[in-house]
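Structural overview
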Amino acid sequence: MNFPQVNGHRLLRRIQELGQIGCLPGGGGTRLALTDEDKQGRDLIVGWFAEAGASVYVDKIGNIYGVLGGSVDTPPIMTGSHIDTVSRAGFLDGCYGVIAGVELLQAIGESGLTPDKPIAVTVFSNEEGVRFSPDLLGSRVIAKDIALDEALAVETRDGKSFQSELQRIGYAGEIEPWKFIPESFLELHIEQGPVLEATETQVGVVEALQGHSWWQVEIVGCANHAGTTPMHLRKDAGVAAMQLACRLQEYSALDHLPNVTTVGTFALEPNAVNVVPGKAKFTIDFRDSDDGQLRKADALLQSEVMKLQEQGFEVKLQTLSKAMSVKFDEGLCSLLQGVTESIGASNRRIVSGASHDAQMISRACPSAMLFVQSSKGISHNPKENTPDDDLVLGAQILANAMWTLATSKS
Ligand code: GLV
Ligand code: MN
Ligand code: MN
(Lines give C-alpha, C1' and ligand atoms only; values in the text may rest on other atoms or scores of the structure.)
(Ligands and ions follow the chains in the order given, each with its own letter.)
Protein backbone atom coordinates (compact mmCIF):
# COMPACT_ATOMS: atom_id res chain seq x y z
CA MET A 1 0.00 0.00 0.00
CA ASN A 2 1.19 3.54 -0.81
CA PHE A 3 1.10 5.80 2.23
CA PRO A 4 1.23 9.60 2.31
CA GLN A 5 4.76 10.52 3.41
CA VAL A 6 5.07 13.10 6.17
CA ASN A 7 7.58 15.91 5.73
CA GLY A 8 9.62 15.74 8.95
CA HIS A 9 11.21 19.18 8.53
CA ARG A 10 7.85 20.87 8.08
CA LEU A 11 6.37 18.98 11.04
CA LEU A 12 9.22 20.03 13.35
CA ARG A 13 9.25 23.63 12.07
CA ARG A 14 5.52 23.99 12.67
CA ILE A 15 5.80 22.55 16.18
CA GLN A 16 8.43 25.24 16.92
CA GLU A 17 6.32 27.96 15.31
CA LEU A 18 3.21 27.19 17.36
CA GLY A 19 5.42 26.98 20.46
CA GLN A 20 6.41 30.62 19.94
CA ILE A 21 2.86 31.79 20.66
CA GLY A 22 2.54 32.60 24.33
CA CYS A 23 6.18 31.82 25.08
CA LEU A 24 7.47 33.36 28.30
CA PRO A 25 10.77 34.91 29.41
CA GLY A 26 12.57 32.23 31.39
CA GLY A 27 11.16 29.36 29.33
CA GLY A 28 7.92 27.62 28.52
CA GLY A 29 4.71 29.17 27.35
CA THR A 30 1.13 29.81 28.39
CA ARG A 31 -1.77 29.56 25.97
CA LEU A 32 -4.82 29.10 28.16
CA ALA A 33 -8.11 28.26 26.46
CA LEU A 34 -9.86 31.12 24.63
CA THR A 35 -7.23 33.74 25.44
CA ASP A 36 -5.67 35.97 22.77
CA GLU A 37 -2.77 33.50 22.59
CA ASP A 38 -5.16 30.59 22.00
CA LYS A 39 -6.78 32.64 19.20
CA GLN A 40 -3.36 33.22 17.58
CA GLY A 41 -2.61 29.50 17.77
CA ARG A 42 -6.01 28.64 16.30
CA ASP A 43 -5.49 31.12 13.45
CA LEU A 44 -2.14 29.53 12.67
CA ILE A 45 -3.66 26.04 12.47
CA VAL A 46 -6.58 27.26 10.34
CA GLY A 47 -4.03 28.78 7.92
CA TRP A 48 -2.20 25.45 7.74
CA PHE A 49 -5.47 23.58 7.14
CA ALA A 50 -6.12 25.92 4.21
CA GLU A 51 -2.57 25.39 2.89
CA ALA A 52 -3.21 21.64 3.02
CA GLY A 53 -6.37 22.10 0.93
CA ALA A 54 -8.71 21.05 3.76
CA SER A 55 -12.19 22.49 4.32
CA VAL A 56 -12.40 24.20 7.71
CA TYR A 57 -15.40 24.04 10.05
CA VAL A 58 -15.90 25.42 13.57
CA ASP A 59 -18.61 24.06 15.85
CA LYS A 60 -20.64 25.76 18.58
CA ILE A 61 -18.17 24.84 21.33
CA GLY A 62 -15.23 26.14 19.27
CA ASN A 63 -13.78 22.81 18.11
CA ILE A 64 -12.05 23.33 14.74
CA TYR A 65 -12.14 20.64 12.03
CA GLY A 66 -9.93 20.42 8.94
CA VAL A 67 -11.55 17.90 6.57
CA LEU A 68 -10.18 16.40 3.37
CA GLY A 69 -11.76 14.06 0.85
CA GLY A 70 -14.99 12.11 0.66
CA SER A 71 -18.48 13.43 1.25
CA VAL A 72 -19.23 15.55 4.32
CA ASP A 73 -22.12 13.20 5.08
CA THR A 74 -19.81 10.20 5.49
CA PRO A 75 -18.44 9.71 9.03
CA PRO A 76 -14.76 10.69 8.82
CA ILE A 77 -11.67 8.92 10.04
CA MET A 78 -10.54 11.42 12.64
CA THR A 79 -7.41 12.37 14.51
CA GLY A 80 -6.75 15.43 16.65
CA SER A 81 -5.79 16.82 20.02
CA HIS A 82 -5.57 20.27 21.62
CA ILE A 83 -3.44 23.42 21.47
CA ASP A 84 -4.48 25.03 24.76
CA THR A 85 -1.88 24.65 27.50
CA VAL A 86 -1.43 24.69 31.25
CA SER A 87 0.45 27.66 32.73
CA ARG A 88 4.16 27.74 31.81
CA ALA A 89 3.81 24.63 29.68
CA GLY A 90 6.08 22.80 27.30
CA PHE A 91 5.60 22.98 23.53
CA LEU A 92 4.47 19.44 22.70
CA ASP A 93 1.50 18.51 24.89
CA GLY A 94 -1.48 18.39 22.52
CA CYS A 95 0.20 20.53 19.84
CA TYR A 96 2.16 17.55 18.52
CA GLY A 97 -0.98 15.52 17.76
CA VAL A 98 -2.69 18.45 16.04
CA ILE A 99 0.32 19.35 13.90
CA ALA A 100 0.90 15.68 12.97
CA GLY A 101 -2.73 15.69 11.78
CA VAL A 102 -2.15 18.85 9.72
CA GLU A 103 0.94 17.20 8.25
CA LEU A 104 -1.12 14.13 7.31
CA LEU A 105 -3.60 16.32 5.39
CA GLN A 106 -0.81 18.15 3.58
CA ALA A 107 1.03 14.92 2.79
CA ILE A 108 -2.15 13.45 1.29
CA GLY A 109 -2.56 16.52 -0.93
CA GLU A 110 1.07 16.29 -2.09
CA SER A 111 0.93 12.54 -2.73
CA GLY A 112 -1.86 12.80 -5.29
CA LEU A 113 -3.66 10.02 -3.37
CA THR A 114 -7.38 10.24 -2.60
CA PRO A 115 -8.90 8.68 0.52
CA ASP A 116 -12.14 6.68 0.15
CA LYS A 117 -13.48 8.22 3.35
CA PRO A 118 -13.11 11.79 4.63
CA ILE A 119 -10.18 12.43 6.94
CA ALA A 120 -10.77 14.99 9.68
CA VAL A 121 -8.27 16.64 12.01
CA THR A 122 -9.82 18.24 15.09
CA VAL A 123 -8.50 20.91 17.43
CA PHE A 124 -10.55 20.36 20.60
CA SER A 125 -11.44 23.34 22.80
CA ASN A 126 -10.24 23.61 26.40
CA GLU A 127 -8.63 20.22 26.90
CA GLU A 128 -6.56 21.32 29.88
CA GLY A 129 -9.32 22.78 32.05
CA VAL A 130 -7.06 25.39 33.66
CA ARG A 131 -9.08 28.48 32.77
CA PHE A 132 -12.47 26.75 32.46
CA SER A 133 -13.58 23.61 34.34
CA PRO A 134 -14.33 20.91 33.46
CA ASP A 135 -11.40 19.95 31.27
CA LEU A 136 -11.89 18.11 27.93
CA LEU A 137 -14.77 20.50 27.28
CA GLY A 138 -14.81 20.37 23.46
CA SER A 139 -14.65 16.57 23.33
CA ARG A 140 -17.05 16.26 26.30
CA VAL A 141 -19.73 18.12 24.35
CA ILE A 142 -19.20 15.91 21.29
CA ALA A 143 -19.58 12.82 23.51
CA LYS A 144 -22.65 14.42 25.19
CA ASP A 145 -21.01 14.04 28.60
CA ILE A 146 -22.12 17.65 29.19
CA ALA A 147 -24.92 19.56 27.46
CA LEU A 148 -23.84 22.25 25.00
CA ASP A 149 -25.70 25.00 26.89
CA GLU A 150 -24.12 23.97 30.18
CA ALA A 151 -20.66 23.98 28.61
CA LEU A 152 -21.16 27.40 27.03
CA ALA A 153 -22.22 28.80 30.41
CA VAL A 154 -19.05 27.65 32.22
CA GLU A 155 -17.22 30.67 33.65
CA THR A 156 -13.66 31.71 34.46
CA ARG A 157 -12.90 32.70 38.05
CA ASP A 158 -13.53 36.33 37.07
CA GLY A 159 -16.95 35.59 35.59
CA LYS A 160 -16.32 35.41 31.83
CA SER A 161 -18.45 32.74 30.14
CA PHE A 162 -17.11 30.23 27.66
CA GLN A 163 -19.61 31.51 25.10
CA SER A 164 -18.60 35.18 25.45
CA GLU A 165 -14.90 34.30 25.25
CA LEU A 166 -15.51 32.13 22.16
CA GLN A 167 -17.30 35.08 20.54
CA ARG A 168 -14.56 37.48 21.58
CA ILE A 169 -11.85 35.43 19.85
CA GLY A 170 -14.05 34.70 16.79
CA TYR A 171 -14.42 30.95 17.30
CA ALA A 172 -18.12 30.60 18.16
CA GLY A 173 -18.98 28.41 15.17
CA GLU A 174 -22.28 27.45 13.61
CA ILE A 175 -22.22 23.68 13.27
CA GLU A 176 -23.40 21.18 15.89
CA PRO A 177 -20.49 19.62 17.81
CA TRP A 178 -21.75 16.11 16.97
CA LYS A 179 -21.89 16.70 13.18
CA PHE A 180 -18.62 14.86 12.54
CA ILE A 181 -19.01 11.80 14.80
CA PRO A 182 -16.14 9.78 13.33
CA GLU A 183 -16.06 6.19 12.20
CA SER A 184 -12.78 5.82 14.12
CA PHE A 185 -10.59 8.18 16.15
CA LEU A 186 -6.83 8.06 16.75
CA GLU A 187 -4.92 10.56 18.93
CA LEU A 188 -1.15 10.93 18.78
CA HIS A 189 0.45 12.42 21.88
CA ILE A 190 3.67 12.52 23.85
CA GLU A 191 3.67 10.02 26.73
CA GLN A 192 4.13 12.65 29.48
CA GLY A 193 5.57 9.89 31.65
CA PRO A 194 8.79 7.84 31.96
CA VAL A 195 7.86 4.33 30.73
CA LEU A 196 8.86 4.43 27.04
CA GLU A 197 12.23 6.08 27.61
CA ALA A 198 13.04 3.85 30.59
CA THR A 199 12.27 0.71 28.58
CA GLU A 200 13.99 2.04 25.44
CA THR A 201 10.77 1.64 23.47
CA GLN A 202 10.01 3.98 20.59
CA VAL A 203 6.23 3.90 20.61
CA GLY A 204 3.44 3.18 23.09
CA VAL A 205 0.14 1.72 21.90
CA VAL A 206 -2.24 3.08 24.52
CA GLU A 207 -4.79 0.46 25.52
CA ALA A 208 -6.30 2.20 28.56
CA LEU A 209 -6.42 5.55 30.29
CA GLN A 210 -6.88 6.54 33.94
CA GLY A 211 -10.05 8.26 35.09
CA HIS A 212 -9.95 11.38 37.21
CA SER A 213 -11.96 13.22 39.83
CA TRP A 214 -11.17 16.90 40.49
CA TRP A 215 -12.41 18.85 43.48
CA GLN A 216 -12.18 22.34 44.90
CA VAL A 217 -12.20 22.59 48.70
CA GLU A 218 -12.85 25.84 50.53
CA ILE A 219 -12.37 25.88 54.31
CA VAL A 220 -13.53 28.85 56.36
CA GLY A 221 -12.09 29.34 59.85
CA CYS A 222 -11.48 32.65 61.62
CA ALA A 223 -8.80 35.18 60.66
CA ASN A 224 -7.10 36.54 63.75
CA HIS A 225 -3.94 38.19 65.07
CA ALA A 226 -0.89 35.92 64.74
CA GLY A 227 0.74 37.28 67.88
CA THR A 228 -2.13 37.39 70.31
CA THR A 229 -4.22 34.32 69.48
CA PRO A 230 -3.13 31.28 71.57
CA MET A 231 -2.68 28.08 69.58
CA HIS A 232 -5.58 26.28 71.30
CA LEU A 233 -8.01 29.13 70.58
CA ARG A 234 -7.39 29.37 66.85
CA LYS A 235 -9.66 28.31 64.02
CA ASP A 236 -6.84 28.23 61.48
CA ALA A 237 -8.21 27.40 58.02
CA GLY A 238 -4.64 27.11 56.65
CA VAL A 239 -3.60 24.38 59.07
CA ALA A 240 -6.86 22.49 58.49
CA ALA A 241 -6.28 22.63 54.72
CA MET A 242 -2.62 21.62 54.91
CA GLN A 243 -3.40 18.67 57.17
CA LEU A 244 -6.18 17.49 54.89
CA ALA A 245 -3.98 17.84 51.79
CA CYS A 246 -1.19 15.84 53.48
CA ARG A 247 -3.60 13.12 54.68
CA LEU A 248 -4.94 12.63 51.15
CA GLN A 249 -1.39 12.40 49.75
CA GLU A 250 -0.59 9.74 52.34
CA TYR A 251 -3.60 7.61 51.42
CA SER A 252 -2.33 7.61 47.83
CA ALA A 253 1.33 7.06 48.68
CA LEU A 254 0.70 4.26 51.19
CA ASP A 255 -2.50 2.56 50.01
CA HIS A 256 -2.86 3.71 46.36
CA LEU A 257 -6.22 5.18 47.31
CA PRO A 258 -6.36 6.38 44.59
CA ASN A 259 -3.31 5.63 42.40
CA VAL A 260 -2.15 9.29 42.46
CA THR A 261 -3.35 12.42 44.23
CA THR A 262 -2.23 16.00 43.54
CA VAL A 263 -2.93 19.26 45.33
CA GLY A 264 -2.01 21.59 42.46
CA THR A 265 -3.39 24.91 43.70
CA PHE A 266 -3.46 26.25 47.25
CA ALA A 267 -4.42 29.75 48.40
CA LEU A 268 -4.81 31.35 51.81
CA GLU A 269 -6.72 34.46 52.84
CA PRO A 270 -5.87 37.07 53.79
CA ASN A 271 -2.40 35.69 52.94
CA ALA A 272 -0.37 37.87 55.30
CA VAL A 273 2.62 37.01 57.46
CA ASN A 274 0.97 38.10 60.72
CA VAL A 275 -2.59 36.86 60.27
CA VAL A 276 -3.98 33.42 61.15
CA PRO A 277 -5.56 32.31 57.83
CA GLY A 278 -9.32 32.75 57.85
CA LYS A 279 -9.89 30.97 54.57
CA ALA A 280 -8.10 28.30 52.54
CA LYS A 281 -8.95 27.17 49.05
CA PHE A 282 -7.25 24.31 47.24
CA THR A 283 -7.81 21.78 44.46
CA ILE A 284 -7.49 18.00 44.46
CA ASP A 285 -6.78 15.83 41.42
CA PHE A 286 -7.45 12.10 42.06
CA ARG A 287 -6.51 9.64 39.27
CA ASP A 288 -6.91 5.87 38.93
CA SER A 289 -7.55 3.28 36.20
CA ASP A 290 -10.14 1.70 38.49
CA ASP A 291 -13.23 3.88 38.75
CA GLY A 292 -14.15 2.06 42.00
CA GLN A 293 -10.94 3.37 43.60
CA LEU A 294 -11.85 6.89 42.48
CA ARG A 295 -15.29 6.60 44.08
CA LYS A 296 -13.63 5.37 47.31
CA ALA A 297 -11.27 8.37 47.24
CA ASP A 298 -14.25 10.69 46.75
CA ALA A 299 -16.00 9.10 49.75
CA LEU A 300 -12.85 9.41 51.83
CA LEU A 301 -12.62 13.12 51.01
CA GLN A 302 -16.24 13.59 51.99
CA SER A 303 -15.72 11.86 55.34
CA GLU A 304 -12.62 14.01 56.04
CA VAL A 305 -14.68 17.11 55.25
CA MET A 306 -17.37 16.01 57.71
CA LYS A 307 -14.71 15.69 60.43
CA LEU A 308 -13.64 19.29 59.79
CA GLN A 309 -17.25 20.45 59.93
CA GLU A 310 -17.63 18.70 63.30
CA GLN A 311 -14.63 20.74 64.49
CA GLY A 312 -16.51 23.93 63.61
CA PHE A 313 -15.06 24.77 60.19
CA GLU A 314 -17.35 25.73 57.37
CA VAL A 315 -16.34 23.63 54.34
CA LYS A 316 -17.54 23.91 50.75
CA LEU A 317 -16.74 21.01 48.43
CA GLN A 318 -17.21 21.51 44.69
CA THR A 319 -16.71 18.99 41.89
CA LEU A 320 -14.57 20.50 39.12
CA SER A 321 -14.34 17.59 36.73
CA LYS A 322 -14.92 13.86 36.46
CA ALA A 323 -13.90 11.51 33.67
CA MET A 324 -14.15 7.74 33.81
CA SER A 325 -11.26 5.48 32.94
CA VAL A 326 -11.26 4.09 29.41
CA LYS A 327 -10.30 0.88 27.64
CA PHE A 328 -9.51 1.68 24.03
CA ASP A 329 -10.70 -0.32 21.02
CA GLU A 330 -8.68 -3.53 20.60
CA GLY A 331 -9.00 -3.50 16.80
CA LEU A 332 -7.47 -0.02 16.60
CA CYS A 333 -4.73 -0.93 19.11
CA SER A 334 -3.84 -3.95 16.93
CA LEU A 335 -3.82 -1.75 13.84
CA LEU A 336 -1.43 0.73 15.50
CA GLN A 337 0.78 -2.12 16.68
CA GLY A 338 0.79 -3.72 13.20
CA VAL A 339 1.65 -0.44 11.48
CA THR A 340 4.42 0.22 14.02
CA GLU A 341 5.90 -3.24 13.51
CA SER A 342 5.75 -2.98 9.72
CA ILE A 343 7.87 0.19 10.00
CA GLY A 344 10.29 -1.72 12.24
CA ALA A 345 9.78 0.43 15.36
CA SER A 346 9.78 -1.03 18.86
CA ASN A 347 6.52 -0.76 20.75
CA ARG A 348 4.70 -1.81 23.89
CA ARG A 349 1.18 -1.58 25.25
CA ILE A 350 0.83 1.23 27.75
CA VAL A 351 -1.75 2.83 30.08
CA SER A 352 -2.02 6.61 29.97
CA GLY A 353 -1.72 8.40 33.29
CA ALA A 354 -2.87 11.67 31.72
CA SER A 355 -6.30 12.60 30.42
CA HIS A 356 -6.88 13.16 26.72
CA ASP A 357 -9.70 14.08 24.35
CA ALA A 358 -9.71 10.44 23.18
CA GLN A 359 -11.08 9.65 26.66
CA MET A 360 -14.33 11.39 25.66
CA ILE A 361 -14.38 10.58 21.93
CA SER A 362 -14.09 6.86 22.78
CA ARG A 363 -17.66 7.10 24.08
CA ALA A 364 -18.84 8.09 20.62
CA CYS A 365 -16.76 5.80 18.37
CA PRO A 366 -13.93 3.22 18.45
CA SER A 367 -10.78 5.09 19.54
CA ALA A 368 -7.15 4.51 20.44
CA MET A 369 -3.97 6.48 21.11
CA LEU A 370 -0.31 6.34 20.20
CA PHE A 371 2.48 7.74 22.40
CA VAL A 372 6.06 8.73 21.66
CA GLN A 373 8.71 9.15 24.35
CA SER A 374 8.84 12.07 26.74
CA SER A 375 12.47 12.81 27.64
CA LYS A 376 13.02 12.13 31.35
CA GLY A 377 9.25 11.61 31.60
CA ILE A 378 8.72 15.37 32.06
CA SER A 379 5.56 17.17 30.99
CA HIS A 380 3.44 20.17 32.05
CA ASN A 381 6.84 21.79 32.36
CA PRO A 382 8.92 23.95 29.98
CA LYS A 383 11.49 21.12 29.86
CA GLU A 384 9.02 18.86 28.03
CA ASN A 385 10.88 17.29 25.10
CA THR A 386 10.90 14.38 22.65
CA PRO A 387 13.74 13.48 20.23
CA ASP A 388 12.99 14.83 16.74
CA ASP A 389 13.28 11.37 15.15
CA ASP A 390 10.57 10.05 17.45
CA LEU A 391 8.27 12.96 16.62
CA VAL A 392 8.65 12.24 12.91
CA LEU A 393 8.26 8.48 13.45
CA GLY A 394 5.04 8.93 15.45
CA ALA A 395 3.58 11.19 12.76
CA GLN A 396 4.36 8.63 10.04
CA ILE A 397 2.78 5.79 12.05
CA LEU A 398 -0.30 7.95 12.55
CA ALA A 399 -0.39 8.71 8.81
CA ASN A 400 -0.13 5.03 7.87
CA ALA A 401 -2.81 3.98 10.36
CA MET A 402 -5.18 6.80 9.33
CA TRP A 403 -4.63 6.00 5.67
CA THR A 404 -5.32 2.29 6.25
CA LEU A 405 -8.62 3.19 7.93
CA ALA A 406 -9.57 5.74 5.28
CA THR A 407 -9.03 3.30 2.44
CA SER A 408 -10.48 0.13 4.02
CA LYS A 409 -13.78 -1.17 2.68
CA SER A 410 -15.75 -1.56 5.97
C1 GLV B 1 -4.17 16.90 30.93
O2 GLV B 1 -3.05 17.10 30.54
C3 GLV B 1 -4.39 16.18 32.17
O4 GLV B 1 -4.13 14.96 32.23
O5 GLV B 1 -4.76 16.83 33.15
MN1 MN C 1 -2.51 16.85 26.20
MN1 MN D 1 -1.77 18.58 29.37
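Keep in mind that this is a model prediction, so the values were computed, not measured. (Residues numbered from 1 in each chain as written. Chains lettered and ligands numbered in written order. Predicted model: local features only at pLDDT ≥ 70, side-chain atom pairs only at ≥ 80, totals over all residues. Heavy atoms only, no water.)

1. Here we look at the packing of aromatic side chains
- Summed over the entire model, instances satisfying the criterion amount to five aromatic pairs.
- Between Phe124 and Phe185, the aromatic rings sit 5.8 Å apart at their centres with planes inclined by 75°, giving edge-to-face as the arrangement. One end of the pair, Phe124, is in the loop between strand 4 (119-123) and helix 4 (137-142); the other, Phe185, is in strand 5 (residues 184-190), and 61 residues separate them in sequence. Note on accessibility: Phe124 and Phe185 belong to one class, buried. (Phe/Tyr/Trp six-rings, centres within 6.5 Å; stacked < 30°, edge-to-face > 60°. Helix = DSSP H or I, 4+ residues; strand = E, 2+ residues; numbered from the N terminus. Buried < 20%, exposed > 50% of the residue type's maximum accessible area, 1.4 Å probe, protein only.)

2. Quick notes on the coordination of the manganese ion (ligand 2)
- Here the manganese ion (ligand 2) is held by the protein donor atoms His82 (NE2), Asp93 (OD) and His189 (NE2), which lie 2.0 to 2.3 Å from it.
- Along the chain, the residues donating to the manganese ion (ligand 2) fall in the pattern H-x10-D-x95-H.
- A separation of 3.7 Å is found between the manganese ion (ligand 2) and the manganese ion (ligand 3), both of which receive a donor from Asp93. Pair noted here: His82 is in the loop between strand 3 (77-81) and helix 3 (95-111) and His189 is in strand 5, with a separation of 107 residues, a long-range link. An identical accessibility class is assigned to His82 and His189; each is buried. (Donors = N, O, S within 2.8 Å, 3.2 Å for Na, K, Ca; no water.)

3. A look at the domain arrangement of the protein
- What the domain assignment lists for the protein is domain 1 (8-210 + 325-406) and domain 2 (211-323).
- Relative to domain 2, the C-alpha centre of domain 1 lies at a distance of 33 Å.
- Each partner contributes to the interface: domain 1 provides 16 residues, whereas domain 2 provides 13 residues.
- Taken together, the two surfaces of domain 1 and domain 2 that pack against each other cover about 960 Å², and 40% of this comes from carbon and sulfur.
- Linking domain 1 with domain 2 are zero salt bridges.
- Summed over the shared surface of domain 1 and domain 2, the number is nine residue pairs in polar contact (both at pLDDT 80 or more). (Domains from an automatic or database assignment. Contact = heavy atoms within 4.5 Å. Buried area = accessible area lost by both parts, 1.4 Å probe. Salt bridge = Lys/Arg side-chain N within 4 Å of Asp/Glu carboxyl O. Polar contact = N/O pair within 3.5 Å; in protein donor to acceptor, adjacent residues only side chain to side chain.)

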